[in-house]
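Take a look at the letters that make up each chain.
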Amino acid sequence: MSKVQDITHNGLPSANPPERIPAPIEHAARIYQAYPKAQYILPADDLEVPRLLIQHGDWKTLFGNKVLFAPVTLDANDKVLEVATGPGFWIMDLAESVGPLVPMVAVDIESRLFPVCPPKNITFGIESVTNLPRDWTNSFSFVHQRLLILALQVHEWPTAVGELYRVLRPGGWVQIAETAPWVEAENPKTPCMEKLTAMYCALLRSRNLYPDCAQDIPAMLEAAGFVDIHSESRIQLIGKWAGEIGVTHRVNHVGVFRGIKTPVLDAGGFGIVTSEAEYDDLLDGLDREWDEVPGTEKEIVIVWAQKPSV
Ligand SMILES: C[S@@+](CC[C@H](N)C(=O)[O-])C[C@H]1O[C@@H](n2cnc3c(N)ncnc32)[C@H](O)[C@@H]1O
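These figures come from a predicted structure and were not determined experimentally.

1. Looking at the overall build of the chain
Looking only at helices and strands, one finds 8 helices and 9 strands in the chain. Its C-alpha atoms give the chain a radius of gyration of 21 Å, near enough to 19 Å, the size a compact globule of 310 residues would have. Referenced to the eigenvectors of the C-alpha coordinate spread, the extents of the chain come out at roughly 60 × 55 × 35 Å. Counting every position in the chain, which comprises 310 residues, the buried fraction comes to 51%. Of all intrachain contacts in the chain linking residues separated by at least 6 positions in sequence, the fraction that spans at least 24 positions is 75%. Working note: accessible area of the chain is about 14,800 Å², and carbon and sulfur atoms make up 54% of it. The distance from the centre of the 26 positive side-chain charges to the centre of the 40 negative ones in the chain is 2 Å.

2. Focus: the UniProt feature "domain: Methyltransferase" (unreviewed entry) in the chain
In this structure's numbering, the residues bearing the UniProt feature "domain: Methyltransferase" (unreviewed entry) are residues 80–172. Taken end to end, residues 80–172 has its terminal C-alpha atoms 10 Å apart, with 24% of it in helix and 28% in strand.

3. Describing the packing of helix α4 (residues 191–206) against helix α8 (residues 276–292)
Direction vectors running N to C along α4 and α8 enclose 125°, while the axes themselves pass 8 Å from each other. Considering the angle they form, α4 stands oblique to α8. Here α4 runs over α8; the crossing is left-handed. Touching Pro191, Cys192, Met193, Lys195, Leu196 and Met199 of α4 are Tyr279, Leu282, Leu283, Gly285, Leu286, Glu289 and Trp290, all from α8. Broken down by class, the residue content of the contact of α4 with α8 amounts to 10 nonpolar, 1 polar and 2 charged.

4. Thoughts on the site of the ligand
Taken together, 14 residues form the shell around the ligand, and within it Ala84, Asp108, Ser128, Val129 and Arg146 come nearest. Side-chain polar atom of aspartate 108 to an oxygen atom of the ligand: 2.6 Å apart, as the coordinates give it. Contact distances for the ligand include 2.7 Å between an oxygen atom and a side-chain N or O atom of arginine 146. Look at the ligand: alone it shows 600 Å² of surface, and the protein chains cover 96% of it. Class assignment of the residues belonging to the shell around the ligand gives a composition of 8 nonpolar, 3 polar and 3 charged.

5. Comments concerning the packing of aromatic side chains
On inspection of all chains with the given rule, the structure shows 12 aromatic pairs. Pairwise contacts between aromatic rings join Trp59, Phe63, Phe69 and Trp304 into one cluster. Its guanidinium or amino end placed over the ring of tryptophan 182, lysine 298 lies 4.8 Å from that ring's centre, counting from NZ or CZ. Between the NZ or CZ atom of lysine 307 and the centre of the ring of tyrosine 165, over which it lies, the distance is 4.7 Å.

6. Regarding helix α2 (residues 89–98)
Looking at α2, one finds that the buried residues are Phe89, Trp90, Ile91, Asp93, Leu94 and Ala95. Structurally, α2 contributes buried residues whose contacts are with α1 (48–62), β3 (80–83), β4 (104–108), β5 (122–126), β6 (140–146) and β7 (168–179). Phi for glycine 99, located one or two positions after α2, is positive at around 95°.

7. Structural notes on the nonpolar core
One finds Leu81, Phe142, Tyr200, Leu221, Phe257, Ile260 and Tyr279 to be the most contacted residues of the largest nonpolar core, which totals 84 residues. Those residues in contact with tyrosine 279 that lie beyond four places of it in its chain are Leu196, Met199, Phe257, Ile260, Lys261, Val264, Leu265 and Val273.

8. As for the environment of leucine 53
By the secondary structure assignment, leucine 53 is in helix α1. In this structure the C-alpha to C-alpha distance between leucine 53 and asparagine 208, which are 155 residues apart in sequence, comes to 28 Å.

9. Brief notes about the sheet that holds strand β8 (residues 227–237)
If you walk across this open sheet you meet the 7 strands as β5-β4-β3-β6-β7-β9-β8, and the pairing is mixed. With partners counted over all chains shown, the strands left at the sheet margins are β5 and β8, one partner each. Each adjacent strand pair in this sheet contributes to an overall mean axis angle of 15°, direction not counted. Relative to strand β9 (residues 297–306), β8 runs antiparallel, the two sharing 9 bridges. Opposite glutamate 232, over in β9, you have isoleucine 302 as the bridge partner. Sheet contacts for α2: β3, β4, β5, β6 and β7; angle to β4, the most-contacted strand, approximately 175°.

10. Considerations on the side chain of threonine 296
By secondary structure assignment, the location of threonine 296 is in the loop between α8 and β9. We classify threonine 296 as buried; its relative accessible area is 10%. Looking at threonine 296, its side chain comes within polar contact range of the side chain of tryptophan 290, at 3.4 Å. If sequence neighbours within four positions are ignored, threonine 296 has contacts with Trp182, Met193, Gln236, Leu237, Ile238, Trp241 and Trp290.

What counts and how
- Residues numbered from 1 in each chain as written.
- Predicted model: local features only at pLDDT ≥ 70, side-chain atom pairs only at ≥ 80, totals over all residues.
- Heavy atoms only, no water.
- Helix = DSSP H or I, 4+ residues; strand = E, 2+ residues; numbered from the N terminus.
- Rg over C-alpha atoms; globule rule 2.2 N^0.38 Å.
- Buried < 20%, exposed > 50% of the residue type's maximum accessible area, 1.4 Å probe, protein only.
- Contact = heavy atoms within 4.5 Å.
- Areas by Shrake-Rupley, 256 points an atom, 1.4 Å probe, with all protein chains shown as cover.
- Lys, Arg positive; Asp, Glu negative; His and termini not counted.
- Charge placed at Lys NZ, Arg CZ, Asp CG, Glu CD.
- UniProt positions renumbered as here; feature names shortened; annotations may be inferred.
- Axes fitted to C-alpha atoms, helices over the stretch in contact; angles between N-to-C directions.
- Parallel < 35°, antiparallel > 145°, perpendicular 65-115°, else oblique.
- Left-handed = near helix turned anticlockwise from the far one by under 90°.
- Nonpolar A, V, L, I, M, F, W, Y, C, P; charged D, E, K, R; others polar.
- Near = heavy atom within 4 Å.
- Polar contact = N/O pair within 3.5 Å; in protein donor to acceptor, adjacent residues only side chain to side chain.
- Phe/Tyr/Trp six-rings, centres within 6.5 Å; stacked < 30°, edge-to-face > 60°.
- Lys NZ or Arg CZ within 6 Å of the ring centre and 35° of its normal.
- Core = buried A, V, L, I, M, F, W, Y, C linked by side-chain atoms within 4.5 Å.
- Pairing = 2+ DSSP bridges.

See below:
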């Protein structure tokens, strides 16, 4: 069990028992975003960039090398927005396929991952999807968002989808990509995965994040006013048993569990680990389990929809 610290109230009598919060577990911390009130739990450092590049490549492979699903043909009269762009791999890919004349804007709450020399037609900037600039209303022909499952709190999802709707021109299209969550499940064959997914679930709960956002995106789009809603999904098979792509999926997803180590240990380990070494041993075990025990998979989904023309 993790150590527990008492919060005292300067000796003042209190009707409630003192609040007890677990003491953080010491470890070598990575660098994270520090945007006001943001709950995003993955790092924003040099190690995260190659992980996101692997992930971008994996998604493209699974979806037949396609990055654009909405039925849009982009030219110099259009304007594209990507929110939560990270290192901008998706939007730079799109820019390469549609040419340098389409103006694009890519935003994120953290600039540390932005590319050093982006293409001239893409402007990178700091914005939160929950509060986009007022003067962007009705501006964009196409808006893209991918992988905010570990970032937006439950109440922020409808706000974010509403913002995407607001900044689109009438007739414009939105495309949102997400992943299914890890779920807690007992499995004697994969004990390390069991513990890591339990900590992942506890961390998401503690931050009021929205593990089931992927399945609810179509309903959120409809509630915001979008029409013509479509989706496509794929299953990622994880581990050596699934061939070369299974190995890259494993590397990416172990990287996610490595990335949440600091928030898990800062939260005291949720009664599952008591030291960094224990957490690291679970990561090593996860690598082995996923390669040796067939069956781990994860669904990813891309949803696109239109803002009505009138
Ligand atoms: C998992 S990364 C995905 C990056 C990119 N979309 C991709 O698929 O490669 C999530 C990104 O969302 C950003 N983010 C988190 N909360 C955000 C918010 N409220 N508004 C905009 N970006 C946010 C993070 O800083 C991070 O760069």
